[in-house]
Amino acid sequence: MKQTPNLLAVIVWTKIEKEGVCVSKLIIAGRQRLGGTAAVQGAKNSALPILAATVLTKGESVLYHCPDLSDVDASLQILRYLGCKAQRSGSTVLVQSDGVCRHDIPDELMRKTRSSIVFLGAVLAAAGRARLSFPGGCEIGLRPIDLHLKALRQMGAIVRERHGWLDCRAPHGLRGAEIALPFPSVGATEDIMLAAATANGVTTVTNAAREPEITDLADYLNKCGARIHGAGESTIVIDGVKTLGGCDHAIIPDRIVAATLIACAAVTNSEITLKGVIHSHLGAVLPVFEDAGCSFSAFENELRVIPPAGGRLRPMKIVRTMPYPGFPTDAQAPLLAAATVAGGTTVFIENIFENRYRHTAELVRMGADIKTEGKFAVVDGVDRLYGAAVEATDLRGAAALVAAGLCAEGMTEVSGVKYLERGYENFELVLSQLGADIHKV
Ligand code: UD1
């Protein structure tokens, strides 16, 4: 007999109670058609560096459309520890900063989000010293920070790395420098912008990252009084100013959440509308879904996703992840979930992170046909996925498992929900409002 989702939820809950384990899981009854409209949350990857930037300011910043995520919450905790007032009211975050009163960030706060490394440049510039624990690797790769440190040294910082801690000092302040990045690292570009905004002189970054979140950070800083030119292009010029004030700023929409929702519509053969989208930010994403047979109609900040006329997705041939404006590595996992049910073979080449196929083993448990080797994944589309108990081990992999669960036959139980919650605000609610049968237990 087919179990109803609620019955399954009760069974899982009873099991959790009996075994004394308290973890969240998502229970998805697959093959429900989605429909309707979903608003896209603010971008996590904009919110995090902008929150770090507030330590450079003296005054009040009001950040609208700030997503309510565990990673954002960790940044708010760091801000409070550093002596700023930071509070949330709905999707608005208010930060009152009068310069920082300390220069260290404890290990337990650093570990709450890998992105806390972006506080390095900001705290160093604001306090003349920054002492924080080394971020180390994470679920998706080694994630070195050599480019951040080399740039800060060029700007006059003295950097010591001991016993897992980074101690950076700039006793005479930071100075402008000519920094040529060997790779357009997003985090390094942000750290340099934060360090350079109030440095003495002009900093030029060549081969800078061009992601929309870089432009959003520059927009925020410029509203606060910084002089940053060229954000969004390969060369960024930062003319250091003496002081920065606060400002009101609306965080841009999250293009990766938009891409994930498109993948969810694509796998369920559904027509949905996304509200609050900047179409140009999806420049590399939409053509790949068009290759798969989806079509889009764009109107102002809305995007209607229309599934393939024949129902089944076509294979997408080769998908290469690249720095922006190329196809984003963060959208690889949700797209790969869609490729598992396409009518043919799609090859993925992951060029950004070395360990970004961990979700594929779980998708295989659901009946997907995927072979991976190094940066390659070959996905042979199957007629259908089957629900299974799967475990997420990273943020975007978690989103891929949810997308797969939405189109699988039967029940899918996704554990490791804490990863999803780092980047997707109330995702199960967003999906259930679109008609998915999904519950958190
Ligand atoms: C940011 C995003 C992340 C996204 C990634 C790539 C945030 C909070 N996170 O991460 O979601 O997947 O960009 O678009 O914005 N590298 C080095 N040395 C360094 C720095 C980076 O070798 O000093 C390498 C990394 O190991 C990786 C590649 O460069 O292989 C890209 O990293 P980077 O662009 O820095 O990504 P993050 O800023 O960590």
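For clarity, every value in this text was computed on a predicted model and none was experimentally measured.

Caption draft 1: Region of interest: the site of the ligand. Around the ligand sit 18 residues in total, of which Arg 143, Ser 185, Gly 187, Asp 330 and Ile 352 are the nearest. Note that a nitrogen atom of the ligand is positioned 2.7 Å from one of the side-chain N or O atoms of Asp 146. Burial of the ligand by the protein chains amounts to 84% of its free accessible area of 740 Å². When contributions to the shell around the ligand are tallied by element, the ones reaching two or more residues are helix 6 (146-154) and helix 7 (186-196). At three residues, helix 6 tops the list of elements feeding residues into the shell around the ligand. Its residues assigned to classes, the shell around the ligand shows seven nonpolar, six polar and five charged. Summarising the domain contributions, the shell around the ligand has at least three residues from each of domain 1 (17-36 + 254-440) and domain 2 (45-250).

Caption draft 2: Expanded view of the sheet that holds strand 4 (residues 85-89). Strand order across the open sheet formed by four strands is 4-5-3-14, with mixed pairing between neighbours. Among the strands making up the open sheet, the edge pair consists of strand 4 and strand 14 (248-250). Geometrically, the sheet is characterised by an average inter-axis angle of 15° between neighbouring strands, direction not taken into account. Here six bridges tie strand 3 (residues 58-64) to strand 5 (residues 92-98), and the two strands are oriented antiparallel to one another. Directly across from Gly 59, in strand 5, lies its bridge partner Ser 97. On top of the sheet, helix 8 (residues 212-223) reaches strand 3 and strand 14; it is set at about 165° to strand 14, its chief contact.

What counts and how
- Residues numbered from 1 in each chain as written.
- Predicted model: local features only at pLDDT ≥ 70, side-chain atom pairs only at ≥ 80, totals over all residues.
- Heavy atoms only, no water.
- Near = heavy atom within 4 Å.
- Polar contact = N/O pair within 3.5 Å; in protein donor to acceptor, adjacent residues only side chain to side chain.
- Areas by Shrake-Rupley, 256 points an atom, 1.4 Å probe, with all protein chains shown as cover.
- Helix = DSSP H or I, 4+ residues; strand = E, 2+ residues; numbered from the N terminus.
- Nonpolar A, V, L, I, M, F, W, Y, C, P; charged D, E, K, R; others polar.
- Domains from an automatic or database assignment.
- Pairing = 2+ DSSP bridges.
- Axes fitted to C-alpha atoms, helices over the stretch in contact; angles between N-to-C directions.
- Contact = heavy atoms within 4.5 Å.

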